[in-house]
There are 2 protein chains.
Amino acid sequence: MKFIHTADWHLGKIVHGVHMTDDQRHALLQFIEIVEEEKPDAVVIAGDLYDRSVPPTEAVELLDEILYTINVKMNTPIVAISGNHDSAERLAFGSSWYRHSQLYIHGKLTKTCEPVRIKGVNFYCVPYAEPGTVRHLFEDDSIHSHQEAMKRITGTIAENFNSDEPNVFVGHAFVLGGKTSDSERVLSVGGSGCVSSDLFDAFDYTALGHLHSPDAIRHPKVFYSGSLLKYSFSEAKQNKSLSIVDMQEDGSFNIRYRSLTPKFDMREISGVMEELLDPAFYQSQKRDDYLKITLNDEGALIDPINRLRQIYPNVLHLERKWDLTDLRRKNSFTSVKDERKSELDLFETFYQEMTDRDFDSQKQDLMVSVIEAVKKEEALK
Amino acid sequence: MKFIHTADWHLGKIVHGVHMTDDQRHALLQFIEIVEEEKPDAVVIAGDLYDRSVPPTEAVELLDEILYTINVKMNTPIVAISGNHDSAERLAFGSSWYRHSQLYIHGKLTKTCEPVRIKGVNFYCVPYAEPGTVRHLFEDDSIHSHQEAMKRITGTIAENFNSDEPNVFVGHAFVLGGKTSDSERVLSVGGSGCVSSDLFDAFDYTALGHLHSPDAIRHPKVFYSGSLLKYSFSEAKQNKSLSIVDMQEDGSFNIRYRSLTPKFDMREISGVMEELLDPAFYQSQKRDDYLKITLNDEGALIDPINRLRQIYPNVLHLERKWDLTDLRRKNSFTSVKDERKSELDLFETFYQEMTDRDFDSQKQDLMVSVIEAVKKEEALK
């Protein structure tokens with residue numbers, strides 16, 4: 001049984017003011033070609049189909065078109081869950097009708113999780129849910145963290161399933177660590193919503209969405225597919241791909257990766273102006289990529305962004321390596337960690353880095369009273 | 001062949017701050033009972049299923065539930081179009097999947113209008129569209145008004161259809177007049193988006209949505225079903241019903257009406273405080289209806305709204321019959337019609353009625369320049 005694992009399409013995403021819908025269409029048309037070549041038995045989309053609960057109508061139309069092509073025209077079952085960026089209710093509309101053609105969209109978490117069974121493999125689909133939702137659903141007041149919530153969910157599933165069959169978990173969560181990470185460590189960062197990978201031990205394959213890099217976790221059975229495209233410069237060096245999973249009847253599997261070529265890549269380049277504007281350099285470049293440019297020049301430059309855009313039309317972000325404010329800011333952020341400073345000092349440093357205005361005595365007085373009020377309140381707790 | 005004609009559900013509507021979703025569910029559950037009793041061959045919903053392009057999630061869930069019950073559980077075909085309150089794109093999502101169970105949702109207007117054929121009757125479904133959209137779609141620059149747009153649409157349909165079969169038009173528009181209204185008159189109010197009823201002459205039955213009263217038009221073949229519920233006090237005296245249409249093979253039909261009983265009626269009552277707070281009066285009243293109360297008392301009253309709400313919890317609007325401002329306003333609105341007044345005088349009267357502020361010389365000067373600019377612009381046309 002072969003399935004394609006993908007996630008985090010984020011349709012309707014706007015990156016640095018640029019609507020990504022055309023880029024997403026470009027990537028999804030390649031996705032369709034890959035489906036055509038691979039002829040998988042199912043496509044699994046592990047959440048964040050949209051970038052926000054109310055996506056722009058172009059994104060709605062794009063999703064409709066792509067799902068229709070894969071599911072109806074190409075007769076391929078699709079298993080999808082909502083992620084934290086999707087609106088569970090909106091995504092779920094109509095899902096009862098979709099099932100007849102094996103389009104299984106899971107919007108809202110339900111207490112009992114009946115698997116979607118495709119060619120002998122059970123897909124347990126768990127949409128993203130806040131701990132509060134899980135606490136309410138399971139009527140269990142002890143659930144407060146994502147770790148506790150997920151433990152309850154996977155535990156309930158594993159109680160009932162047939163471990164003689166291949167079982168795949170489809171989820172959208174921030175899963176930490178490989179086999180070696182202990183749950184204590186995970187729980188200590190529980191506030192950030194992490195869950196421990198050992199919660200998925202009972203499953204043969206765990207298909208995750210949420211983190212955008214396929215390398216976000218190193219684990220023999222728990223995987224992120226990564227996002228459809230690079231959606232921030234922090235992802236500039238990541239490989240974006242789809243995971244093609246060939247699963248045997250005993251639950252063992254192998255994975256191949258197929259990459260998607262973006263319409264415009266998202267890259268970082270740096271250099272001095274003269275160099276970047278030199279044909280000898282830029283003729284070797286794909287000039288219309290989405291670029292973050294770091295200028296290494298010192299001193300004043302006249303209108304650098306417009307000069308650069310004449311050569312590189314899609315510069316999305318420009319930074320100066322020797323930007324003094326920047327340097328000052330970096331230093332100050334380091335100093336914020338210095339806990340020997342008083343709250344007032346810390347705030348003053350912060351204020352001065354964030355604004356061009358004086359932190360005058362009136363502001364100081366105000367801040368002192370705020371700090372005192374907070375301390376009083378904390379003391380009363 | 002029997003179909004139920006309904007429209008203007010406006011799911012997600014908020015009336016005077018009250019979310020109507022529970023009221024809508026109450027009415028739609030009666031609707032389902034009527035479908036069960038009548039066993040129609042189709043349900044026709046002529047637009048404005050939602051109250052806004054992005055309805056609250058409760059409304060999304062309610063629509064999903066009701067359509068699923070009627071269409072899938074009760075195996076009844078549904079024909080629906082988007083109205084001016086719906087988002088065509090959002091409503092259309094998934095519509096390709098719904099067809100297999102004969103749920104036909106038409107979101108966006110298309111150039112060719114293939115009818116939905118149910119038991120020998122052709123339903124031509126025309127979602128609401130702005131004239132500009134129709135102009136663009138038909139590549140016809142002469143289309144500027146709703147009248148011109150609708151003429152083009154109905155004309156194109158009538159060119160191609162088989163008039164030996166019963167043909168039903170399903171639309172969402174502001175249709176004026178009976179047989180006697182001439183299109184000139186209609187065109188003279190063209191700015192308000194009206195279209196003339198004679199555009200639908202070729203159809204055996206025209207099922208409309210948009211106006212909320214089933215009495216909005218008196219015409220032998222063109223009908224509004226009216227809205228699901230009363231959604232404003234201007235509708236307080238309207239009857240809300242569903243139209244049950246029995247259509248013969250020759251296109252002749254008869255209509256019956258089945259009314260829906262709202263959870264809380266929307267009514268207007270008036271009287272003096274003492275009378276309204278007298279058990280002898282209010283015990284004869286359905287006290288939890290949505291009320292607009294007009295108080296006939298003269299002079300000052302202490303906290304009338306809260307005293308009334310102790311008896312009538314759902315007072316949505318309170319008016320004083322002898323409110324002086326109100327009287328003044330009524331008079332002034334009469335005078336606005338006096339066309340011998342200059343634009344400046346008219347505006348001054350309007351300004352003084354709408355605000356408590358002086359229409360001083362600075363404002364007068366500004367207004368004079370605005371009026372002059374508009375006149376100049378009009379002269380250039």
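Quick summary incoming for the structure in this document. Nothing here was measured: the structure is a model prediction, and the numbers come from that model.

Describing the overall build of chain A
No. 1: Within chain A, the secondary structure is distributed over 13 helices and 18 strands.
No. 2: The proportion of buried residues among the 381 residues of chain A is 50%.
No. 3: If you sum the accessible surface of chain A, you get close to 19000 Å²; carbon and sulfur atoms cover 48% of it.

A few points about the interface of chain A and chain B
No. 1: Contacts between chain A and chain B engage 27 residues on the former and 27 residues on the latter.
No. 2: Counting each side, the surface lost to burial between chain A and chain B is near 2200 Å², with a carbon and sulfur contribution of 66%.
No. 3: Looking only at chain A, the three residues that lose the most surface to chain B are Arg90, Phe93 and Trp97 of chain A, adding up to 35% of its buried area.
No. 4: Here chain A and chain B share 2 salt bridges between them.
No. 5: We note a salt bridge from glutamate 61 of chain A to lysine 108 of chain B, for which the minimum N-O separation is 2.9 Å.
No. 6: Taken together, the links from chain A to chain B amount to 12 residue pairs in polar contact (both at pLDDT 80 or more).

Quick look at the sheet that holds strand 8 (residues 121-126) of chain A
Picture the strands of a sheet paired through backbone hydrogen bonds; they go either parallel or antiparallel.
Residue and element names in this part refer to chain A.
No. 1: Across the sheet, which stays open at both edges, the 5 strands sit in the order 7-8-9-12-13 with mixed pairing between neighbours. Two strands bound the open sheet, and with one partner strand each, they are strand 7 (116-118) and strand 13 (222-224). The sheet shows a mean angle of 25° between the axes of neighbouring strands, taken without regard to direction.
No. 2: As judged from the 3 bridges shared by strand 12 (residues 205-209) and strand 13, these two strands associate in the parallel manner. Within strand 13, the position partnered with alanine 207 by the bridge is phenylalanine 223.

Thoughts on the packing of aromatic side chains
No. 1: Evaluated as defined, the whole model comprises 31 aromatic pairs over all chains.
No. 2: With 5.5 Å between their ring centres and 85° between their planes, phenylalanine 161 of chain B and phenylalanine 203 of chain B make a pair best called edge-to-face. Of this pair, phenylalanine 161 of chain B sits in the loop between helix 6 (146-160) and strand 9 (167-172) while phenylalanine 203 of chain B sits in the loop between strand 11 (194-196) and strand 12 (205-209), and the two are 42 residues apart along the sequence. Note on accessibility: phenylalanine 161 of chain B and phenylalanine 203 of chain B belong to one class, buried.
No. 3: Taken together, the ring pairs connect Tyr68, Trp97 and Tyr98 of chain A together with Tyr68, Trp97 and Tyr98 of chain B into an aromatic cluster.

Some remarks on the packing of helix 1 (residues 21-38) of chain B against helix 2 (residues 57-73) of chain B
Residue and element names in this part refer to chain B.
No. 1: Contact geometry for helix 1 and helix 2: axes closest at 11 Å, N-to-C directions at 5°. On the basis of their axis angle, the class for helix 1 and helix 2 is roughly parallel. Within the contact between the two elements, helix 1 uses Thr21, Gln24, Arg25, Leu28, Leu29, Phe31, Ile32 and Val35 and helix 2 uses Glu58, Ala59, Leu62, Glu65, Ile66, Thr69 and Ile70.
No. 2: Residue composition of the contact of helix 1 with helix 2, by class: 9 nonpolar, 3 polar and 3 charged.

Focus on the sheet that holds strand 12 of chain B
Residue and element names in this part refer to chain B.
No. 1: Taken together, 5 strands build an open sheet; the order of strands is 7-8-9-12-13 and the sheet is mixed. Where the open sheet ends on each side, the last strands, each with one partner, are strand 7 (116-118) and strand 13 (222-224). Averaged over all pairs of adjacent strands, the angle between their axes in this sheet comes to 25°, without regard to strand direction.

Considering a nonpolar patch on the surface
No. 1: Taken together, the side chains of Leu366, Val370 and Val374 of chain A present a nonpolar region at the surface, about 250 Å² in accessible area.
No. 2: The residue leucine 366 of chain A is located in helix 13 (residues 361-380) in this model.

Comments concerning the side chain of glutamine 147 of chain A
No. 1: Along the chain, the position of glutamine 147 of chain A falls in helix 6 (residues 146-160).
No. 2: Among the polar contacts made by the side chain of glutamine 147 of chain A, one reaches the main-chain amide nitrogen of serine 196 of chain A at a distance of 2.8 Å.

Overview of the nonpolar core
No. 1: Grouped together as the largest cluster of nonpolar side chains are 80 residues, with contacts concentrated most on Trp9, Phe31 and Leu63 of chain A together with Trp9, Phe31 and Leu63 of chain B.
No. 2: Setting aside anything within four residues of it in sequence, one finds phenylalanine 31 of chain A in contact with Ile4, Thr6, Trp9, Val43, Ile70, Leu242 and Leu260 of chain A.

Overview of the environment of arginine 267 of chain B
Residue and element names in this part refer to chain B.
No. 1: As for its position among the elements, arginine 267 is in strand 16 (residues 266-271).
No. 2: The contact partners of arginine 267, leaving out residues within four places of it in the chain, are Phe233, Ala236, Gln285, Lys286, Asp289, Tyr290, Leu291 and Lys292.
No. 3: A distance of 2.8 Å separates polar atoms of two side chains, one belonging to arginine 267 and the other to aspartate 289.

Focus on the pattern of salt bridges
Residues and elements named next belong to chain A.
No. 1: Applying the stated rule across the entire model yields 40 salt bridges over all chains.
No. 2: Note that glutamate 89 is salt-bridged to lysine 108, the shortest N-O span being 3.8 Å. Taken as a pair, glutamate 89 in helix 3 (residues 88-92) and lysine 108 in the loop between strand 6 (103-106) and strand 7 lie far apart in primary sequence, 19 residues in all.
No. 3: Counted as one network, the salt bridges with shared partners bring together Lys2, Glu37, Glu38, Asp246, Arg256 and Arg258.

Considerations on the pairing of strand 1 (residues 2-6) of chain A
All names here are of chain A.
No. 1: Of all 5 residues in strand 1, 5 are buried, a share of seventy percent or more.
No. 2: Where burial is concerned, the two faces of strand 1 agree: the one with Lys2, Ile4 and Thr6 and the one with Phe3 and His5 are both buried.
No. 3: Taken together, the 4 bridges between strand 1 and strand 4 (residues 42-46) define a ladder with parallel strand orientation. From the neighbouring strand, isoleucine 4 faces strand 4, where its bridge partner is valine 43.

As for the relation of the copies chain A and chain B
What relates the pair of chain copies is a rotation about an axis plus a shift along that axis.
No. 1: When chain A is fitted onto chain B, the two copies agree to an RMSD of 0.9 Å after a turn of 179° and an axial shift of 0.1 Å. The relationship between the two copies is best expressed as a two-fold rotation axis.
No. 2: Same-surface contact between copies: 100% of interface residues of chain A are shared with the interface of chain B.

Considering unusual backbone geometry
No. 1: With a phi angle near 45°, lysine 39 of chain A is a residue other than glycine that sits in the positive phi range.
No. 2: Within the secondary structure, lysine 39 of chain A is located in the loop between helix 1 (21-38) and strand 4.
No. 3: Residue histidine 210 of chain B is not a glycine yet carries a positive backbone phi of 135°.

So, the pairing of strand 4 (residues 42-46) of chain B
Residue and element names in this part refer to chain B.
No. 1: Across the 5 residues that make up strand 4, a large majority, 5, are buried.
No. 2: Side chains Ala42, Val44 and Ala46 project from strand 4 onto one buried face, and the interleaved Val43 and Ile45 project onto a second face that is buried too.
No. 3: Of the strand pairs in this sheet, strand 4 and strand 5 (residues 78-81) are connected by 4 bridges, and their pairing is parallel. Within the sheet, the bridge partner assigned to isoleucine 45 lies in strand 5 and is alanine 80.
No. 4: You can see the chain leave strand 4, run along helix 2 and come back into strand 5, and the turn it takes is right-handed.

What counts as what
- Residues numbered from 1 in each chain as written.
- Chains lettered and ligands numbered in written order.
- Predicted model: local features only at pLDDT ≥ 70, side-chain atom pairs only at ≥ 80, totals over all residues.
- Heavy atoms only, no water.
- Helix = DSSP H or I, 4+ residues; strand = E, 2+ residues; numbered from the N terminus.
- Buried < 20%, exposed > 50% of the residue type's maximum accessible area, 1.4 Å probe, protein only.
- Areas by Shrake-Rupley, 256 points an atom, 1.4 Å probe, with all protein chains shown as cover.
- Contact = heavy atoms within 4.5 Å.
- Buried area = accessible area lost by both parts, 1.4 Å probe.
- Salt bridge = Lys/Arg side-chain N within 4 Å of Asp/Glu carboxyl O.
- Polar contact = N/O pair within 3.5 Å; in protein donor to acceptor, adjacent residues only side chain to side chain.
- Pairing = 2+ DSSP bridges.
- Axes fitted to C-alpha atoms, helices over the stretch in contact; angles between N-to-C directions.
- Phe/Tyr/Trp six-rings, centres within 6.5 Å; stacked < 30°, edge-to-face > 60°.
- Parallel < 35°, antiparallel > 145°, perpendicular 65-115°, else oblique.
- Nonpolar A, V, L, I, M, F, W, Y, C, P; charged D, E, K, R; others polar.
- Patch = residues over 30% accessible without salt bridge, like charges linked within 9 Å, V, L, I, M, F, W, Y side chains within 5 Å.
- Core = buried A, V, L, I, M, F, W, Y, C linked by side-chain atoms within 4.5 Å.
- Least-squares fit on C-alpha atoms with pLDDT ≥ 70 in both.
- Right-handed = clockwise from strand over helix to strand, strands pointing away.

The analysis is restricted to geometry; functional conclusions fall outside its scope.
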